[in-house]
Amino acid sequence: MDKKMYNRLGICDEVVNFSEKILSDLRERFDEIDETAEYNQLKVISAMQKNRVNATCFAATTGYGYDDVGRDNLENVYASCFETEAALVRPQITCGTHALAVALSAILRPGDELLSPVGKPYDTLEEVIGIRESKCSLKEFGISYSQVDLLSDGTFDYEGIKAAITEKTKMVTIQRSKGYQTRPTFSVTQIGELIKFVKSIKSDIICMVDNCYGEFVEKIEPSNVGADMIVGSLIKNPGGGLAPIGGYICGTKECVEKCAYRLSAPGLGQEVGANLGIMPAFYQGFFMSPTVVSGALKGAVFASRCYEKLGFKVVPGSEESRHDIIQAVELGSKERMVAFCKGIQAAAPVDSYVTPEPWAMPGYDSDVIMAAGAFVQGSSIELSADGPIREPYAVYFQGGLTWYHAKLGIMMSIQKLYEAGLIDRNLF
Ligand SMILES: *Cc1c(COP(=O)(O)O)cnc(C)c1O
């Protein structure tokens, strides 16, 4: 690569050379990522061909949205791709949390219990479930919750899970990605084993997987290994960076129908919900998603290896297998977190001139810093980094619509640390 272009963007020769050296070690890893992307690209194309996607699918509908061919067919494409009986893919699902809340409240009834066999769920679900008090939580509707934490080595506590399953247990929620925790992300195979175990104890338990950040990272999805529902956000992986809003729920016909009744109204279900002209972005984003995810994965592996070499703890390690697109880097100090995020921000195509600062955020007990310069606000399939300013001072880094942008972001983060004298210059 011509260094001059990097120099022009403010990256010095030392950082460019360091990056190129790291990259030369990652060829095999990148080949593997490309191979998965190729497989998943074919999977998406095959689903589109099978459902005879054509130009009428891209037309806008308004009002009730009856007989919305584009919307209905997109749901068939998702169902074919993820090999489920049915799918609900809608702009009316406002985000991942909403999709998960719809799925949970569609299935659970007063007196039922929800079990998380993988420890604490994602922050925003605490209020949905009622772990933290909230209006309209499942708890307010008389739905109880129990949780079995992972064992200290990050594996499932099968005995604990067995003991936690009672007559009341109606549904199990499994979060694939580590989210903002430092536990490992589960592979689809591991999730399959867990589902099999749960169903061997009580066969009618509905198993839902929070699939956020996991789509197209592997060749199979949790729906291929027994999940009754997989749920996610379209401003993460499956929207391919093009979807400006939305969420999906793919699963059994029975489950998806209930979700549709919950989302709109009993009796209306999937029949209503105009697409408002958003279909081209949904179809094209899904088409792009395997490639976009592969770029994000390369960025995550590259970040992992760079920061490992610079002496920081990274989760996952650069040689570990990957099951989501999130990379955690424990930077050990507030100053380094700020410098890292400044680098990510400075490398963005949008809002590159703003400076991220730690700030108080609702739901957090410490200040949080965030860096993002995205075309779609809050999109985390686009390059972004954030983290709470507290021990172990970890930043969570994810996304990148292209590998080259992810690469620049990581190089710029190293540049900012280098300039501020916050990393050992002898390592360069
Ligand atoms: C992002 C995320 C969510 C919530 O999605 P939002 O779109 O932010 O509401 C839930 N679970 C996991 C694991 C996530 O990564």
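Residues numbered from 1 in each chain as written. Predicted model: local features only at pLDDT ≥ 70, side-chain atom pairs only at ≥ 80, totals over all residues. Heavy atoms only, no water.

Caption draft 1: Examining the side chain of Gln41 more closely. Looking at the secondary structure, you find Gln41 in helix α3 (residues 27-50). Excluding residues that lie within four positions of it along the chain, Gln41 makes contacts with Phe287, Pro290 and Thr291. (Helix = DSSP H or I, 4+ residues; strand = E, 2+ residues; numbered from the N terminus. Contact = heavy atoms within 4.5 Å.)

Caption draft 2: Examining the site of the ligand more closely. The environment of the ligand is formed by Cys95, Gly96, Thr97, Leu100, Tyr122, Gln175, Asp210, Cys212, Tyr213, Ser233 and Lys236. Broken down by element, the residue count for the shell around the ligand peaks at three residues, all from helix α5 (residues 96-107). When grouped by side-chain class, the residues that make up the shell around the ligand number five nonpolar, four polar and two charged. (Near = heavy atom within 4 Å. Nonpolar A, V, L, I, M, F, W, Y, C, P; charged D, E, K, R; others polar.)

Caption draft 3: Region of interest: the pattern of salt bridges. Taken as a whole and assessed by the stated rule, the structure comprises 20 salt bridges. Note that Lys407 is salt-bridged to Glu20, the shortest N-O span being 3.1 Å. Taken together, the positions of Lys407 in helix α12 (residues 403-419) and Glu20 in helix α2 (residues 13-24) put the pair 387 residues apart, joining distant regions of the chain. Residue classification places Lys407 among the buried residues on the basis of a relative accessible area of 7%. Classification of Glu20 as partly exposed rests on a relative accessible area of 30%. Between Lys120 and Asp123 there is a salt bridge, with its nearest N and O atoms 3.1 Å apart. (Salt bridge = Lys/Arg side-chain N within 4 Å of Asp/Glu carboxyl O. Buried < 20%, exposed > 50% of the residue type's maximum accessible area, 1.4 Å probe, protein only.)

Caption draft 4: Spotlight on the pairing of strand β5 (residues 206-210). Taken across its five residues, β5 has five buried, putting it largely inside the fold. Judged by which residues are buried, β5 turns out to be covered on both faces: Ile206, Met208 and Asp210 on one side and Cys207 and Val209 on the other are all buried. Of the strand pairs in this sheet, strand β4 (residues 169-175) and β5 are connected by five bridges, and their pairing is parallel. Paired with Gln175 across the two strands is Asp210, which belongs to β5. A crossover connection joins β4 to the parallel β5 through helix α8 (residues 188-201); in handedness this β-α-β unit is right-handed. (Pairing = 2+ DSSP bridges. Right-handed = clockwise from strand over helix to strand, strands pointing away.)

Caption draft 5: Quick peek at the packing of aromatic side chains. Counted by the stated rule, this structure contains 19 aromatic pairs. An angle of 85 degrees between the planes, with centres 5.1 Å apart, marks the rings of Phe30 and Trp403 as edge-to-face. With Phe30 in helix α3 and Trp403 in helix α12, this pair connects stretches of sequence that are 373 residues apart. Pair check on accessibility: Phe30 and Trp403 agree, each one buried. On the basis of an interplanar angle of 50 degrees and a centroid distance of 5.6 Å, the ring pair of Phe216 and Phe286 is categorised as tilted. With a gap of 70 residues between them, Phe216 in the loop between β5 and β6 (229-233) and Phe286 in helix α10 (residues 279-309) connect regions that are remote in the sequence. With a relative accessible area of 1%, Phe216 lands in the buried category. Cation over ring: Lys236 sits above Tyr213, and NZ or CZ is 4.2 Å from the ring centre. The residue whose ring lies beneath Arg425 is Tyr418, and the NZ or CZ to ring-centre distance is 4.2 Å. (Phe/Tyr/Trp six-rings, centres within 6.5 Å; stacked < 30°, edge-to-face > 60°. Lys NZ or Arg CZ within 6 Å of the ring centre and 35° of its normal.)

Caption draft 6: Geometry of α10. In this model α10 runs 44 Å from its N-terminal to its C-terminal C-alpha over 31 residues, within 8% of the 45 Å that 1.5 Å per residue would give. When the local axis directions of α10 are compared, the greatest deviation, roughly 50 degrees, occurs at Ser289, which is followed within four positions by the proline Pro290. Counting buried residues along α10, 23 of its 31 residues qualify, which places the element largely inside the surrounding structure. (Expected span 1.5 Å × (residues − 1). Bend = angle between axes of the 7 residues up to and from the residue.)

Caption draft 7: Representation of the pairing of β6. Counting buried residues along β6, five of its five residues qualify, which places the element largely inside the surrounding structure. The pairing of β5 with β6 spans three bridges and is parallel. The residue of β6 that forms the bridge with Val209 is Ile230.

Caption draft 8: Representation of the domain arrangement of the protein chain within the structure. In terms of domain boundaries, the protein chain breaks down into domain 1 (3-41 + 289-427) and domain 2 (43-286). Taking only C-alpha atoms into account, the centre of domain 1 sits 28 Å from that of domain 2. At the junction of the two partners, domain 1 supplies 31 residues and domain 2 supplies 32 residues. At the boundary of domain 1 with domain 2, total buried surface from both sides reaches about 2,700 Å², with 58% on carbon and sulfur atoms. Scanning the region where domain 1 abuts domain 2 turns up two salt bridges. (Domains from an automatic or database assignment. Buried area = accessible area lost by both parts, 1.4 Å probe.)

Caption draft 9: Layout of the nonpolar core. Among the nonpolar cores identified, the biggest contains 100 residues, and Tyr78, Phe82, Phe286, Phe302, Tyr307, Phe340 and Ile414 are the most heavily contacted of them. Considering each element in turn, this core owes the most residues, 13 residues, to α10. Shared between two domains, this core takes at least three residues from each, and those domains are domain 1 (3-41 + 289-427) and domain 2 (43-286). The contact partners of Tyr78, leaving out residues within four places of it in the chain, are Ala87, Val89, Leu234, Pro238, Tyr248, Cys250 and Phe286. Counting 27 residues, the second largest nonpolar core, distinct from the first, contains Leu88, Met171, Met229 and Ile249. (Core = buried A, V, L, I, M, F, W, Y, C linked by side-chain atoms within 4.5 Å.)

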